[in-house]
Every structure is written in structure tokens, then in C-alpha cells.
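Here is what each chain is made of, one letter per residue.
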Amino acid sequence: MRQLIVGLMILWTGMALAATPKKAVLDVENMTCPACSITIEKALGKVPGVSKAQVDTKAATVTVDFDADRTNVPVIARAITEAGFPAKAKANGG
């Protein structure tokens, strides 16, 4: 029983120390159709630490939730750019 309690305490402590997800909004060029969203989402799915991506083709933006301990905005922008859609962080952070 004691081992179980110690294990649960360690698990809880680890969860409490987990990084708060960060959010970034990027301006993205060349998005013209729904297939663009799929391509961008697939590219971001390969970036460790990205937990969510929301593509808005009308606003030409991508909003990304990510773990800052595992990735950063330049890496995210590069993944989108390498997928064929030049991306850069919004000047005001979104």
C-alpha cells in the first residue's frame, strides 16, 4: 500500500510540474483550399510537442498549442514553411 501511495505522489508531482501549453499564431501564405489545412496539420503532427493546430484559411493563420519544453515557434514555422506554406509568427503574438 505504501508503494502505491508513493507512486501516486510521484505521479501527481510530475503532473503538477508539467509545462503549461503555449499558444502561437502564425501568418501563413499560399493557403487556398481545405487540402492546404490537411497538409499543414500533417506537417505539424510530426513536430514533437505540438498538441493542437487550428488552420484558418480565410484569415491566413495557423494557431498552434505546443509544449515549450519540446519545441518552439521557429521550429513550428519551419515545419509549415517546408510543407509549402511560408509561415512566420504574428508580430503581436496573435
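Residues numbered from 1 in each chain as written. Predicted model: local features only at pLDDT ≥ 70, side-chain atom pairs only at ≥ 80, totals over all residues. Heavy atoms only, no water.

(A) Region of the structure containing helix H3 (residues 73-82). For H3, the complete set of buried residues consists of Ile 76, Ala 77, Ala 79 and Ile 80. The buried residues of H3 occupy one face: seen down the axis, they fall within an arc of 160°. Set apart from the buried face of H3 by more than 90 degrees, the exposed residues are Pro 74 and Glu 82. Contact partners of the buried residues in H3: strand E1 (22-28), helix H2 (34-45), strand E2 (50-56), strand E3 (61-66) and strand E4 (87-89). Of the residues one or two after H3, Gly 84 is the one with positive phi, at around 110°. (Buried < 20%, exposed > 50% of the residue type's maximum accessible area, 1.4 Å probe, protein only. Helix = DSSP H or I, 4+ residues; strand = E, 2+ residues; numbered from the N terminus. Arc of directions from axis to C-beta. Contact = heavy atoms within 4.5 Å.)

(B) Region of the structure containing the confidence of the model for the chain. Mean pLDDT over the chain works out to 85, with 77% of the residues at or above the 70 mark. Across the chain, the secondary-structure element scoring lowest on mean pLDDT is helix H1 (residues 2-17), at 52, and the one scoring highest is H3, at 98. (pLDDT = per-residue confidence, 0-100.)

(C) Layout of unusual backbone geometry. Here Asn 30, not a glycine, exhibits a phi torsion of approximately 70°, which is positive. Position of Asn 30 among the secondary structure elements: in the loop between E1 and H2. Looking at Asn 30, the relative accessible area reads 48%, which means it is partly exposed. The backbone of Ala 60 shows a phi angle near 60°, a positive value even though the residue is not glycine. Here Ala 60 is to be found in the loop between E2 and E3. Overall, the relative accessible area of 27% leaves Ala 60 in the partly exposed class.

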